[in-house]
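These are the residues of each chain, in order.
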4 protein chains.
Amino acid sequence: MAEKKITREELSQMLSRGIFANWLGIALTGVDDDGITLAVKWREEFMVNAKLRYTHGGILATLIDIAGDYALAAKIGRPVPTVDLRIDYHRMAEPGDLTVKAGVVKLGRTISTAEAYVFDGEGNLLASGRGVYHSKTDG
Amino acid sequence: MAEKKITREELSQMLSRGIFANWLGIALTGVDDDGITLAVKWREEFMVNAKLRYTHGGILATLIDIAGDYALAAKIGRPVPTVDLRIDYHRMAEPGDLTVKAGVVKLGRTISTAEAYVFDGEGNLLASGRGVYHSKTDG
Amino acid sequence: MAEKKITREELSQMLSRGIFANWLGIALTGVDDDGITLAVKWREEFMVNAKLRYTHGGILATLIDIAGDYALAAKIGRPVPTVDLRIDYHRMAEPGDLTVKAGVVKLGRTISTAEAYVFDGEGNLLASGRGVYHSKTDG
Amino acid sequence: MAEKKITREELSQMLSRGIFANWLGIALTGVDDDGITLAVKWREEFMVNAKLRYTHGGILATLIDIAGDYALAAKIGRPVPTVDLRIDYHRMAEPGDLTVKAGVVKLGRTISTAEAYVFDGEGNLLASGRGVYHSKTDG
């Protein structure tokens with residue numbers, strides 16, 4: 001699909017209208033030609049349980065989905081529906097804020113692929129993965 | 001890995017100790033030889049945004065991860081860490097409670113595969129997918 | 001996309017025009033409402049190496065791709081391009097002929113999902129997985 | 001798992017003992033800290049059919065599996081079994097030789113993740129994906 005200019009401010013506003021994204025405490029902290037960066041504020045509800053205080057893998061999967069989507073949005077002007085999602089878990093996620101980096105692997109006419117990486121505060125890679133998205137224009 | 005008997009009551013208690021699982025409003029409603037069934041209470045925070053009121057794909061991914069894990073737990077006595085997760089999105093999820101069904105594809109000595117299906121209140125398939133899990137015994 | 005009737009004979013002929021499919025020795029042995037069955041004739045070139053005589057995982061991945069595609073072809077009248085493919089390996093594949101069973105998980109208007117299972121001659125599950133396919137009609 | 005030195009010559013010899021890898025015409029053309037590069041000689045049997053002369057997606061999946069495995073082998077001293085494989089198809093592969101680049105995403109104690117990219121002779125990205133591998137040492 002055709003690329004469409006969008007400002008960082010517009011992208012940040014789109015993200016801030018996300019209800020689940022807001023619950024997750026996601027903020028856009030970077031956009032450049034390689035992709036986007038998100039900051040995620042940790043909250044107690046992220047934990048698997050009181051004994052295993054790790055952030056749940058479902059949270060990490062969601063962050064990869066959203067980050068991949070916004071890496072595409074930065075190129076095409078809006079977030080798009082996810083076709084499928086694949087997540088690899090690399091390391092247990094100790095309680096704490098997270099950083100997510102995402103970029104576009106392939107911008108296609110109808111289908112696009114993006115990838116994302118989730119890091120903890122010390123830069124350890126916790127999870128990474130890819131989403132495939134419907135990137136067809138409406139017109 | 002060796003199978004280990006666990007009662008439905010024990011499985012249900014394990015699930016209820018999950019912090020993020022509780023936030024998601026998950027309850028165990030069925031266990032048999034084919035797998036498990038979960039009921040999920042919808043909440044406002046699940047929505048993508050106020051305009052697209054669909055349940056976020058990250059919620060559906062989390063449900064597939066948890067359901068696959070508990071399908072394994074029903075066989076081996078406890079939930080186990082997820083190695084990787086693959087989700088297919090089939091249909092937009094309108095606001096409403098959800099049902100998740102999951103079963104074991106392959107119970108392996110160190111690695112196992114489970115699959116899960118998420119349905120809306122009318123029985124429409126919303127998403128489905130698989131998780132690969134570390135099923136190694138501690139002993 | 002709309003379903004389109006196709007006879008078993010037509011499906012079998014489509015498959016027999018496949019060059020790589022023919023090299024793999026694939027034949028259609030069953031079609032019903034649940035999906036299709038393929039028989040695969042083992043050949044020496046399938047092996048990983050002379051010491052590990054297992055059938056290569058790439059062969060099993062190919063069989064899952066083709067079987068999923070033909071499960072869709074049985075519903076929509078022709079094989080369609082693969083968007084993405086996910087394979088789980090369950091057991092080493094000893095030398096010998098294979099059977100593949102595949103069915104449609106979701107027939108969508110533009111995107112469809114199929115799944116397939118590869119078995120050895122004794123009925124052991126060797127690998128299984130899913131493909132996502134472009135199922136858009138041309139018209 | 002512990003890293004183990006292996007020379008490029010040893011890696012190349014391991015690859016050349018592969019029966020299916022040899023049929024595919026794969027040769028190791030590069031190894032450095034970032035990963036490995038393979039060259040693949042096109043052959044007629046790769047084609048989907050005489051009309052759609054594209055290289056079959058199963059061939060591309062196999063190349064991604066093997067390249068990811070050898071990116072790991074370059075770090076740990078030997079190829080290892082594949083747990084699962086995920087392939088994204090980006091562009092139809094016209095007849096012609098291929099180049100595959102692969103690197104390690106995460107080298108784990110028991111489970112590792114590698115990714116690979118397949119290019120045509122003009123540098124177009126045809127397919128990419130990831131494999132998860134059993135990287136446990138025997139000792």
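See the structure printed just above.
Here's what I pulled together on the structure shown here. Because the structure is predicted, anything quoted here is derived from the model rather than measured. (Residues numbered from 1 in each chain as written. Chains lettered and ligands numbered in written order. Predicted model: local features only at pLDDT ≥ 70, side-chain atom pairs only at ≥ 80, totals over all residues. Heavy atoms only, no water.)

1. Focus on the relation of the copies chain D and chain B
Each copy superposes on the other: chain D lies on chain B with an RMSD of 0.0 Å after a rotation of 180° and an axial shift of 0.0 Å. Each copy turns onto its partner about a two-fold axis. The share of interface residues of chain D whose copies in chain B are also at the interface is 100%, consistent with both copies meeting through the same surface. (Least-squares fit on C-alpha atoms with pLDDT ≥ 70 in both. Contact = heavy atoms within 4.5 Å.)

2. A few points about the pairing of strand β2 (residues 35-40) of chain D
Residue and element names in this part refer to chain D. Counting buried positions along β2 yields five of six residues, so the element is predominantly enclosed. Sheet topology note: the strand β1 (residues 26-32)/β2 ladder contains six bridges and is antiparallel. Bridge pairing in β2 links Leu-28 to Leu-38. Relative to strand β4 (residues 98-106), β2 runs antiparallel, the two sharing five bridges. Residue pairing for β4: Val-40 is matched across the bridge by Leu-98. (Buried < 20%, exposed > 50% of the residue type's maximum accessible area, 1.4 Å probe, protein only. Helix = DSSP H or I, 4+ residues; strand = E, 2+ residues; numbered from the N terminus. Pairing = 2+ DSSP bridges.)

3. Points about the relation of the copies chain A and chain B
Relating the two copies of this chain is a rotation about some axis coupled with a shift parallel to it. Superposition of chain A onto chain B requires a rotation of 180° combined with a translation of 0.0 Å along the rotation axis, giving an RMSD of 0.0 Å. Most of the interface of chain A is mirrored in chain B: 100% of its interface residues are interface residues there too.

4. As for the interface of chain D and chain B
The interface of chain D with chain B comprises seven residues on the first partner and seven residues on the second. In total, about 500 Å² of surface goes out of reach between chain D and chain B, with carbon and sulfur atoms giving 69% of it. On the chain D side of the interface with chain B, the three residues burying the most area are Asp-84, Arg-86 and Ile-111 of chain D, jointly 58% of the side's total. Across the contact surface, chain D and chain B share two salt bridges. Arg-86 of chain D is paired through a salt bridge with Asp-84 of chain B; the nearest N and O atoms lie 4.0 Å apart. Run the count over chain D and chain B and you get zero residue pairs in polar contact (both at pLDDT 80 or more). Put simply, the parts of the chain that give the side of chain D that touches chain B at least two residues each are β3 (82-89) and β6 (125-134) of chain D. Tallying contributions element by element places β3 of chain D first for the side of chain D that touches chain B, with three residues. (Buried area = accessible area lost by both parts, 1.4 Å probe. Salt bridge = Lys/Arg side-chain N within 4 Å of Asp/Glu carboxyl O. Polar contact = N/O pair within 3.5 Å; in protein donor to acceptor, adjacent residues only side chain to side chain.)

5. Focus on helix α3 (residues 57-76) of chain A
Residue and element names in this part refer to chain A. The end-to-end C-alpha separation of α3 is 29 Å, in line with the 28 Å expected for 20 residues at 1.5 Å each. Across the 20 residues that make up α3, a large majority, 18, are buried. Gly-77, located one to two residues past α3, shows a positive phi value of around 100°. (Expected span 1.5 Å × (residues − 1).)

6. Topic: the interface of chain A and chain B
In many reports, interface size means the accessible area that the parts give up when they come together. Chain A puts 30 residues into the contact, and the matching count from chain B is 30 residues. Taking both partners together, chain A and chain B bury about 2,100 Å²; carbon and sulfur atoms supply 67% of that area. When the buried surface of chain A facing chain B is broken down by residue, Ile-19, Phe-20 and Tyr-89 of chain A rank first, second and third, together holding 26% of it. At the junction of chain A and chain B, the tally comes to zero salt bridges. Within the residue set of the side of chain A that touches chain B, elements represented by two or more residues are α2 (19-23), α3 and β3 (82-89) of chain A. Tallied by class, the residues present in the side of chain A that touches chain B amount to 16 nonpolar, seven polar and seven charged. Across five bridges, the pairing between β3 of chain A and strand β3 (residues 82-89) of chain B is antiparallel. (Nonpolar A, V, L, I, M, F, W, Y, C, P; charged D, E, K, R; others polar.)

7. Notes on the sheet that holds strand β2 (residues 35-40) of chain A
Read from one edge to the other, the open sheet built from 12 strands follows the order β1(A)-β2(A)-β4(A)-β5(A)-β6(A)-β3(A)-β3(B)-β6(B)-β5(B)-β4(B)-β2(B)-β1(B), with strand pairing classed as antiparallel. Taken across any chain shown, the strands that pair with only one partner, and hence form the sheet edges, are β1 (26-32) of chain A together with β1 (26-32) of chain B. Sheet twist, expressed as the average angle between the axes of neighbouring strands with direction ignored, equals 20°. For strand β4 (residues 98-106) of chain A and strand β5 (residues 111-119) of chain A, the ladder comprises seven bridges, and the chain directions are antiparallel. Within the sheet, the bridge partner assigned to Val-104 of chain A lies in β5 of chain A and is Ala-114 of chain A. (Axes fitted to C-alpha atoms, helices over the stretch in contact; angles between N-to-C directions.)

8. Re the packing of α3 of chain A against helix α3 (residues 57-76) of chain B
Running from N to C, α3 of chain A and α3 of chain B point in directions that differ by 145°, and their axes come no closer than 8 Å. Once α3 of chain A is placed against α3 of chain B, the crossing between them reads as right-handed. Facing Gly-57, Gly-58, Ile-59, Ala-61, Thr-62 and Asp-65 of chain A of α3 of chain A, the residues of α3 of chain B in contact are Gly-57, Gly-58, Ile-59, Ala-61, Thr-62 and Asp-65 of chain B. In terms of residue class, the contact of α3 of chain A with α3 of chain B is made up of four nonpolar, six polar and two charged. (Left-handed = near helix turned anticlockwise from the far one by under 90°.)

9. Examining the sheet that holds strand β2 (residues 35-40) of chain C
Across the sheet, 12 strands lie side by side as β1(C)-β2(C)-β4(C)-β5(C)-β6(C)-β3(C)-β3(D)-β6(D)-β5(D)-β4(D)-β2(D)-β1(D); this open sheet has antiparallel pairing. Of all the strands in the sheet, the pair left with one neighbour each is β1 (26-32) of chain C together with β1 of chain D. Each neighbouring strand pair of the sheet contributes to a mean axis angle of 20°, computed without reference to strand direction. Relative to β1 of chain C, helix α1 (residues 8-16) of chain C is tilted by about 155°, and along the sheet it contacts β1 and β2 of chain C. This element, helix α3 (residues 57-76) of chain D, spans β3 (82-89) of chain C together with β1, β2, β3, β4, β5 (111-119) and β6 of chain D of the sheet and lies at about 50° to β4 of chain D.

10. Overview of the packing of aromatic side chains
Residues and elements named next belong to chain B. Under the definition given, this model contains 14 aromatic pairs over all chains. Consider the rings of Trp-23 and Phe-46, whose centres lie 5.9 Å apart with planes at 55°: the pair is tilted. Taken together, the residues Trp-23 in helix α2 (residues 19-23) and Phe-46 in the loop between β2 (35-40) and α3 connect sequence positions 23 residues apart. For Trp-23, a relative accessible area of 8% translates into the label buried. Classification of Phe-46 by relative accessible area gives buried; the value is 0%. (Phe/Tyr/Trp six-rings, centres within 6.5 Å; stacked < 30°, edge-to-face > 60°.)

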